[in-house]
Amino acid sequence: MSPTHPAWTRAWEADVVLRDGGAAHIRPIRPADADALQAFHVAQSPRSTYLRFFAPMPRLSPRDLARFTTVDHHDRVALVVLVGEAIIGVGRYDRVGDGVAEVAFNVSDAHQGRGVGSVLLEHLVVAAREQGVTRFVAEVLPENRKMLDVFAEAGFATTRAVEDGVVMLTVDVTPTDRSREVMEAREHRAEAESLRRLLHPRSVVVVGAGRRPGSVGGRLLADLVGGGFTGAVHVVHPEADVVRGVPAVRSLADVPGPVDLAVVAVPAESVNGVVAELAQLDVRGLVVVSSGFAEVDADGLARQRELLRLARVHGMRLVGPTSFGIINTDPAVRLNASLAPVVPPAGGLGLFSQSGALGVAVLDAANRRGLGVSTFVSAGNRADVSGNDCMQYWQDDPATSVVGLYLESVGNPRKFSRVARGLARTKPVVVVKSGVSSFTVPPGHAVRETRAPREALDAMLRQAGVIRVDNVHQLFDVAQLLQTQPLPAGERVGVVANSGALAALAAEAAVSWGLDVADPVVVAPEADASQVRAALEQVFTDPDVDVVVACLIPPVAEVDREVVVALQEVAAAAGKPCAACLVALVGGVEPTRTLQPPAPSEGDDGDGGGTPAAALPVYTTPEDAVRSLAAVVRYAAWRRRDHGTRVAPAGTDARAARALVESLLSGRTPDDPPLRLEQEEVSALLACYGVQLWPVVTVRSADEAVRAADRVGWPVVVKATERHLRHPGLGGVRLDVSDARELRAHVDAMLAGPAGSGGGTAPALLVQAMAPSGISVLVRTLEDPLFGPLVSFGLAGDTTVLLGDVSHRIPPLTDVDVVDLVRTLRAAPRLFGYMGTPAVDVGALEDLLARVSVMADDLPEVFSSELSPVQVAERGLAVLGAQVELAVPVGRSDAGRRVLPA
């Protein structure tokens, strides 16, 4: 692959979020940047120039400008960070030796403190590793504390020495756990801050608010004002002086700036012109409700791409287009920049919806159930702000305790998995993924193609601790339980009912979801509140019960209010989660909603010494209640468990593997088909990760077979070269051949039949040492354009081929992920001594899976690999066959540096 090929730098251009939440663009420098670079340089203070060049330099000479802007993108690399057309930072490296490059940065005085230097370092490190650079060296003046801090805080292995008054730094650019943690923490802070600025604006301008009844812009303005927004509201109208009671100005140029948030509801053809004008107001957040973009046609797609480019160039985060709007119920903000007819009360549920139409249903469902909402974001076409951004914000938002996401597509599953896993460790995440296929992509959504199996998305969500549900109804079933009840300590279910039939339904539902059920406690249908309370206390105080389902059906028209209060009080006192099935209206309250504690009676100050009552999630059927409880029980178990540490098997050599891969792919481009490796190449690559591929010899005669057996060791197995002929009954395998006479007979017979037809011009067979008996498994990896690396595992044979019993995980894996990869197979009991058969060496199998996962994570060039068969014995295992394909990667969507989706 030529270093000057456009593909070499294709992935080096990206949009990023800086520390303060503003967007910027990073790309390789170009000769045409000479004027912008000079403007950047002369704007620097003399001190900044001295710290960079160790000497006064008021201007760059023509020779310096040419040298700085003309690079080869291999031995000399330079990246610039831009806001608008202005350069605000430059980072570069020049190769000075084998694998060593000198690195330097220069950040605009006006943009100090925004994290520009750390972004440049991240992106330069990725570019350097791609070009075979393993170490950076830098000379820094001791007084340049900011630059020294950039290196010290990045998390890479760094050494320093002082020579002649200059700090000499050496940085190993190999990623470390610490460098990954630092990058992810910086990404989290920046993206959370960018959402905070969107959802907590101090001023809003509405563009497109007409006076005509029913106009979208007018409705947005009315909701914004009617919702009691606490900040300043500006309106632009070419003719009116007042719109919906708000003074209007004639143009955006007349709006007193700066403005934090712009809400745009003008025809699609006019949106981009408006955004260009908004840049003059220093707008940082943009909500576009207008339609007519990528969801329509190719022209709309081009319009949307230009909209995104304009927003990013001017440092804005974009919600939409075709957004339903955003809401923040915080009393200090009271932002309703949406088309919602009714806004739910303030509460702990953070909601994200990609569909504008579904946004209406989502908010209406929350309101009907009495669920309070903290914030709501409708992403529309999801050109920029996504569910990942919202999760970054909600992780630190004290007002949000539960997160609900309605997703029509997942643009970056690898990052989604990482961000969701971090959030789910402290706050539950409930996801509805629409579409019959896991990968259904609605019009207008930019999503890479995928070759991954449909089950990969479900596996990713489980790995991240996300609760996946089938529809919006189930999302709120689970959310109301999470929002009102404590997490369960276990999976043992107690059932209380005033109907034997209801108790049986609840118990059967619990068993079907894999929960342990205690004997139900059933009272008479006409039991009064005291009798019901006694039954409830019996179940709630049982130490062998973790969660309770209460099913009550009234003997007349509605459940006795005193019975409901008893249920709320007993549940609150016990501190155990409870789901109620009240098969009737309760005092006029809708079913399937949250019952709030009763209001204090007149004269009661709420401190009368009685038992407090808890809010209670109510369901119309026992099945709905139990399904929600089962989801929460699984989530609580995931949250309690040890999530392990990232696997790092001993005896791996990533640098040797990368050198091998780069040599094999030399001269190839991303447009070339995958390259299938020869067995010697496969063996060399696997050996870099401590995996030994058993040798196999191709033979074309009985004499060659005997010589091969002498070399690999007796007894041997003889196999057809074509894999499909090795299945039982097809005659393509002879096992445990222990002497030359027997081997010659088998070889002669096989060469004369179908098994000898796969070796090219002359019939051929394969001879290999006979592995110890055990269980045959397969291990696969896939480099997917959407998911990135994917590791799959299954037992060889019919369970995989016919039943699809394959487990999947997305690297990087922890040791717990590896354990789950093995044990989530339905056929996994066969590995542990099923029906009297000996257990196999699962530890050796898990070690192999860890090594293969690290290879897949390290090398996006590994287009696919399959280790099959792998024979797992009682002690150890043998990798008997392997295939690997390599391809020039197009760049991962989550590649170890901060980037915004394109």
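As shown above, the structure is provided for reference.
A brief report on the enclosed structure follows. A quick note: this is a predicted structure, and the numbers were derived from the prediction, not measured.

## Focus: the overall build of the protein chain
Next, step 1: Tallying secondary structure elements over the protein chain gives 26 helices and 40 strands in all.
Next, step 2: Here the C-alpha radius of gyration of the protein chain, 32 Å, is about what a compact globule of 902 residues would show, namely 29 Å.
Next, step 3: Within the protein chain, buried positions represent 55% of all 902 residues.
Next, step 4: Contacts spanning at least 24 positions in sequence make up 72% of the contacts within the protein chain whose residues lie at least 6 apart.
Next, step 5: Treating the 86 positive side-chain charges of the protein chain as one cloud and the 106 negative ones as another, the clouds have centres 4 Å apart.

## Some remarks on empty space enclosed by the protein
One way to see where empty space is left: roll a probe the size of a water molecule over the atoms.
Next, step 1: In the structure shown here, the tally under the stated rule is 2 cavities of 30 Å³ or more.
Next, step 2: Looking at the largest cavity, its volume works out to about 110 Å³.
Next, step 3: Around the largest cavity, the lining comprises 13 residues; the ones closest to its centre are Leu37, Arg52, Phe53, Val90 and Asn106.
Next, step 4: Listing elements by their share of the lining of the largest cavity, those giving two or more residues are helix H2 (34–43), helix H3 (46–53), strand E4 (86–97) and strand E5 (100–107).
Next, step 5: For the lining of the largest cavity, the per-class residue count stands at 8 nonpolar, 3 polar and 2 charged.
Next, step 6: Its volume calculated, the second largest cavity comes out at about 40 Å³.
Next, step 7: Lining the second largest cavity are Val16, Val17, Glu187, Ala190, Glu191, Arg898, Val899 and Leu900.
Next, step 8: Mapped onto the lining of the second largest cavity, the elements with two or more residues apiece are strand E1 (14–17) and helix H7 (177–199).
Next, step 9: Ranked by residues supplied to the lining of the second largest cavity, first place goes to H7 with 3 residues.

## Here we look at helix H12 (residues 387–396)
Next, step 1: Taking burial as the measure, the 10 residues of H12 include 8 buried ones, the bulk of the element.
Next, step 2: All of the buried residues in H12 are Gly387, Asn388, Asp389, Cys390, Met391, Gln392, Tyr393 and Trp394.
Next, step 3: Among the residues of H12, the N-terminal cap falls to Ser386, whose side-chain oxygen and the backbone nitrogen of Asn388 are separated by 3.3 Å.

## Observations regarding the packing of helix H9 (residues 268–278) against helix H10 (residues 298–313)
Next, step 1: The interhelical angle for the contact between H9 and H10, taken along N-to-C directions, is 15 degrees, at an axis separation of 9 Å. Between H9 and H10, the angle falls in the class roughly parallel. For the pair H9 and H10, the sense of crossing is left-handed. Contacts from Ala268, Glu269, Val271, Asn272 and Val275 in H9 reach Arg303, Glu306, Leu307, Leu310 and Ala311 in H10.
Next, step 2: Per-class residue counts for the contact of H9 with H10 are 6 nonpolar, 1 polar and 3 charged.

## Things to note about the sheet that holds strand E21 (residues 429–433)
Next, step 1: In space, the 7 strands of this open sheet follow the order E17-E16-E19-E18-E20-E21-E22, with mixed pairing throughout. Looking at which strands have only one partner, the edges of the open sheet turn out to be strand E17 (335–338) and strand E22 (467–469). Going from strand to strand, the sheet's axes swing by 20 degrees on average, the running direction of each strand aside.
Next, step 2: Here strand E16 (residues 325–328) runs beside E17; their pairing, made up of 4 bridges, is antiparallel. Following the sheet pairing, Gly325 is matched in E17 by Ser338.

## Here we look at the packing of aromatic side chains
Next, step 1: Enumeration according to the criterion identifies 5 aromatic pairs in this entry.
Next, step 2: Look at Tyr93 and Phe136: their rings are 5.7 Å apart centre to centre, the planes differ by 40 degrees, and that puts the pair in the tilted class. Linking Tyr93 in strand E4 with Phe136 in strand E6 (residues 135–140), this pair joins segments that are 43 residues apart in sequence.
Next, step 3: For the cation-ring pair, Arg52 lies above Phe53, with the distance from its terminal atom to the ring centre recorded as 4.5 Å.
Next, step 4: Note that Arg451 overlies the ring of Phe863, its terminal NZ or CZ placed 3.8 Å from the centroid.

About the criteria used
- Residues numbered from 1 in each chain as written.
- Predicted model: local features only at pLDDT ≥ 70, side-chain atom pairs only at ≥ 80, totals over all residues.
- Heavy atoms only, no water.
- Helix = DSSP H or I, 4+ residues; strand = E, 2+ residues; numbered from the N terminus.
- Rg over C-alpha atoms; globule rule 2.2 N^0.38 Å.
- Buried < 20%, exposed > 50% of the residue type's maximum accessible area, 1.4 Å probe, protein only.
- Contact = heavy atoms within 4.5 Å.
- Lys, Arg positive; Asp, Glu negative; His and termini not counted.
- Charge placed at Lys NZ, Arg CZ, Asp CG, Glu CD.
- 1 Å grid on protein atoms, 1.4 Å probe; cavity = no way out; pocket = protein on both sides within 12 Å on 5 of 7 lines; lining within 4 Å.
- Points joined across faces, edges and corners; volume = space filled by probe spheres on them.
- Nonpolar A, V, L, I, M, F, W, Y, C, P; charged D, E, K, R; others polar.
- Polar contact = N/O pair within 3.5 Å; in protein donor to acceptor, adjacent residues only side chain to side chain.
- Axes fitted to C-alpha atoms, helices over the stretch in contact; angles between N-to-C directions.
- Parallel < 35°, antiparallel > 145°, perpendicular 65-115°, else oblique.
- Left-handed = near helix turned anticlockwise from the far one by under 90°.
- Pairing = 2+ DSSP bridges.
- Phe/Tyr/Trp six-rings, centres within 6.5 Å; stacked < 30°, edge-to-face > 60°.
- Lys NZ or Arg CZ within 6 Å of the ring centre and 35° of its normal.

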